[in-house]
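Overview (structure and organization)
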Amino acid sequence: MRMFFLMSTLVFGCGIELPKLDDSGTSADADADADADADADADADDDPPGPVDADDDGFTEDVDCDDSNPNVYPEAAEVCDDLDNDCDDEIDEDATDMATWFGDNDGDGYGNPDEVAWITACDMPEGYTDASMATDCDDLNEWVYLGADELCDDIDNDCDDEIDEDPTDMTTWYGDNDGDGYGNPDEAARITACDMPEGYTDASMATDCDDLNEWVYLGADELCDDIDNDCDDEVDEGLECSAAGDISFSHTGSVEAWTVPMGVGSVDIEVLGSVGAPGSSGGLGGNGARMSGTFAVSAGMVLSVYAGGYDGTQAGGDCSYVADGDTAMVVAGGGGGGGYSYTGKDAPVTEDGTGPIPGYYTHGTAGTGGSGGTAGTGDWGTGGGGGWLSAGADGGGSMGGETRCMGSAGSTYAGGAGGGYSGGGGTAMASGWGTIAGGSGGSYNIGTAPDNTAGFNDEAGTVTIVW
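Residues numbered from 1 in each chain as written. Predicted model: local features only at pLDDT ≥ 70, side-chain atom pairs only at ≥ 80, totals over all residues. Heavy atoms only, no water.

**Looking at the overall build of the chain**
Just so we agree on the cut-off: In this description a helix means any DSSP run of H or I spanning at least four residues, a strand means any run of E spanning at least two, and both kinds are numbered starting from the N terminus. Here the term buried applies to any residue with accessible area under 20% of the maximum for its type, exposed to any over 50%, and partly exposed to those in between, with areas from a 1.4 Å probe on protein chains only. By definition in these notes, contact holds between two residues if any of their heavy atoms fall within 4.5 Å. Using a 1.4 Å probe, the Shrake-Rupley method yields the accessible areas, and only the shown protein chains count as cover for residues.
Each helix and strand in the chain was counted, giving 2 helices and 16 strands. Relative to its full complement of 467 residues, the chain shows a buried share of 39%. Summarising the internal contacts of the chain: among those between residues at least 6 apart in sequence, 49% fall at separations of at least 24. Surface exposure of the chain reaches about 24800 Å², of which carbon and sulfur atoms provide 51%.

Printed below as a string of structure tokens:
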């Protein structure tokens, strides 16, 4: 009661007029305010709402073709996102963020860096690469690109401006030291290279078990030589090798035939060319040559054998030889030139009569390479040495040596020519006229391990064959 009295006193004492309450206890002013607010709300509900910009991109939903994406609105920049960014009903056309792609014409995964091979697109088309793989220096060859393996193809595969350097496909080649066409399989004899060098074979021919002997390799004919010719770890197998033997031939003036015995695959031959005949005035004939070596033969082969000699004063010595038949020379030792004779008749001499005019006479020269030699100069010059293939030239005083290395007879004033070359010229006479003696004898040798000596034999020729 005291509180109510205090409040009433304050209210009424201040002159404030309190609102009148209706029967329900509510003031009339409060009812009026409520009615006004209700009317305003009703009026507002009757107006339609305006367009909205839901994605806050500055374009309302009535013009924005996707108002949920702030990257989509009219005239937006087109980008590679599979969307119609600029609302023109096209997707990713002329996108501002398209990538550059590089053509890979040869399909090796490496693109052509040349500008003519570029295109721009959102996604990499088939047959193109990105910039990191645009390192192909020949986009028409699938084996060429930066970092490719270098190959033996005469092309710069790895795009480093070098060709076939350290290729990965080099071939191994095998040395053929003895030239029989079969290579040495030992590792020490191998090299690797793109192309086969001279003196090498490929792997299929690397079957030589002795690359220092041309008669030894896998599949070779086995010979009676105490060697494993065919590389099967057996020696002379399957052969009826005859016992070792030898045969000698002396000068008879005729060619003789000798047949290789059964089982014999090689022989050692020594031939001694005949000495040349002496001259009547004391000039000695030149010595014949010695030629020897080892020769491959086969059983039943018929060899022609001739042991040289000379015929008459001043005659050149014949060579001694062995041939396969009568055409293919095997070995020949040249005969010496014939000695010179002088009687003084009709010969130009020095004023004191002690000898020929210097330089007027010379001896015939040797044949070379199986051919005949030149003639001596002067009216009485001796003939040249005859070769296996051709005769020696005639001299003024004697005939040249004949073919098949036969010596020719001397004349009255000149020694005969030897047969071929590499024998010996006639020796000097006491009067000093030896410089016009016969031409030197001829020699030839196709054997292995040859042993050749010119001017060796001072007797008639011989041939010795050992097996």
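**Here's the deal with the pairing of strand 4 (residues 171-175)**
It is a general feature of regular strands that their side chains alternate between the two faces of the sheet. The line we're drawing: Two strands pair if DSSP finds at least two bridges between them.
Pairing geometry for strand 4 and strand 5 (residues 190-193), over 4 bridges, is antiparallel. Across the sheet, T171 pairs through a bridge with A193, a residue of strand 5. As paired strands, strand 4 and strand 6 (residues 200-201) are joined by 2 bridges and run antiparallel to one another. Within the sheet, the bridge partner assigned to G175 lies in strand 6 and is Y200.

**Considering a negative patch on the surface**
The condition that has to hold: To count toward a patch, a residue needs a relative accessible area over 30% and no salt bridge; like charges are then connected within 9 Å, while nonpolar side chains (Val, Leu, Ile, Met, Phe, Trp, Tyr) are connected within 5 Å. Within this document, salt bridges are pairs made up of a side-chain nitrogen of Lys or Arg and a carboxyl oxygen of Asp or Glu, the two lying within 4 Å of each other. Under the counting rule used here, the positive set is Lys and Arg, the negative set is Asp and Glu, and His together with the chain ends is not counted. The location of each charge is read from NZ of Lys, CZ of Arg, CG of Asp or CD of Glu.
Together, D88, D89, E90 and D94 line one region of the surface with negative charge. Here E90 is to be found in the loop between helix 2 (28-45) and strand 1 (99-103).

**A short note on unusual backbone geometry**
Backbone geometry places D92, a non-glycine residue, at a positive phi of 60°. Tracing the backbone shows D92 in the loop between helix 2 and strand 1. The backbone phi angle of D94 is positive, close to 50°, even though this residue is not glycine.

**Things to note about the nonpolar core**
As a reminder of what qualifies: Only buried residues count toward a nonpolar core. Its members are Ala, Val, Leu, Ile, Met, Phe, Trp, Tyr and Cys residues joined through side-chain atoms within 4.5 Å.
If you look at the biggest cluster of nonpolar residues, it comprises 17 residues, and the most contacted ones within it are W258, V267, I269, V322, V331, V463 and I465. Contributions of two or more residues to this core are made by strand 9 (266-272), strand 10 (288-296), strand 11 (302-306), strand 13 (328-333) and strand 16 (462-466). Element by element, the count of residues in this core is highest for strand 9, at 3 residues. Once you skip the residues sitting within four places of it in the chain, W258 turns out to touch I247, F249, V267, M301, V302, L303, V305, I465 and W467. Grouped together as the second largest cluster of nonpolar side chains are 5 residues, Y306, C319, Y321 and A323 included.

**Quick notes on the side chain of D104**
Note the cut-off: Within 3.5 Å is the distance limit for a polar contact, defined as a pair of N or O atoms, with the added protein rule that one can donate a hydrogen and the other accept it, and that residues adjacent in sequence qualify only through two side-chain atoms.
Within the secondary structure, D104 sits in the loop between strand 1 and strand 2 (118-121). No salt bridge is formed by the buried D104; its nearest oppositely charged neighbour, R190, is found at 37 Å. A distance of 2.8 Å separates the side chain of D104 from the backbone nitrogen of G109, its partner in a polar contact. Leave out the neighbours within four places in its chain, and D104 touches G109, Y110, G111, G127, Y128, T129 and D139.

**Concerning the pattern of salt bridges**
Scanning all chains against the criterion turns up 2 salt bridges. With a shortest N-O distance of 2.8 Å, E270 and R290 are connected by a salt bridge. Here the residue E270 occupies a position in strand 9, and R290 occupies one in strand 10, the gap between them amounting to 20 residues. Using a relative accessible area of 25% as the deciding quantity, one classes E270 as partly exposed. Residue R290 is classed as buried on the basis of its relative accessible area of 15%. Of the charged contacts, one joins D451 and R290 as a salt bridge, the two residues approaching to 3.0 Å between their closest N and O atoms.

**Focus: the state of the cysteines**
Put simply, the rule reads: Any two cysteine sulfur atoms within 2.5 Å of one another count as a disulfide.
Evaluated as defined, the whole model comprises 5 disulfides. There is a disulfide in this structure between C137 and C159, and the S-S distance comes to 2.0 Å. Across the S-S bond linking C137 and C159, the dihedral sits near -90°, which makes this disulfide left-handed. A residue pair is termed long-range when its members are at least 10 positions apart, and C137 in the loop between strand 3 (128-129) and strand 4 and C159 in the loop between strand 3 and strand 4 qualify at 22 residues. Classification of C137 as partly exposed rests on a relative accessible area of 48%. C159 gets classed as buried once you look at its relative accessible area, which sits at 18%.

**Here we look at the sheet that holds strand 10**
What counts is decided by this rule: Each axis is a line fitted through C-alpha atoms, taken for helices only over the stretch in contact, and angles between the N-to-C directions span 0 to 180 degrees.
On the basis of which strands lie adjacent, the open sheet formed by 5 strands has the order 7-16-9-10-15 and antiparallel pairing. Unpaired on one side and paired on the other, strand 7 (246-250) and strand 15 (448-457) mark the two borders of the sheet. When the angles between neighbouring strand axes are averaged without regard to direction, this sheet yields 10°. Taken together, the 7 bridges between strand 9 and strand 10 define a ladder with antiparallel strand orientation. Residue pairing for strand 10: L272 is matched across the bridge by R290.

**Notes on the confidence of the model for the chain**
Quick reminder of the rule: Per-residue confidence from the prediction method is given by pLDDT, with values spanning 0 to 100.
Averaged over all residues, the pLDDT of the chain is 75; the fraction at 70 or higher stands at 64%. At the level of individual helices and strands, the chain shows its lowest average pLDDT in helix 1 (residues 2-13), which scores 40, and its highest in strand 6, which scores 97. Here residues 343-347 is a poorly scored stretch, pLDDT under 50, and it has 7 contacts once near neighbours within four places are set aside; other chains count. Every residue in residues 419-436 is under pLDDT 50, and counting partners more than four places away or in other chains gives 92 contacts.

**Here's the deal with the environment of F295**
Within the element layout of this structure, F295 appears in strand 10. Considered as a pair, F295 and T448 are 153 residues apart in the sequence and their alpha carbons are 6.6 Å apart. The residues contacting F295, other than those within four sequence positions of it, are G265, S266, V267, I269, V330, V331, N445, I446 and G447.

**What about the sheet that holds strand 2?**
What the 3 strands build is an open sheet, ordered 2-1-3; its pairing is antiparallel. Taken across any chain shown, the strands that pair with only one partner, and hence form the sheet edges, are strand 2 and strand 3. Two elements, strand 1 and strand 2, share 4 bridges in a ladder whose sense is antiparallel. Looking across to strand 2, one finds that A99 is bridged to A121.

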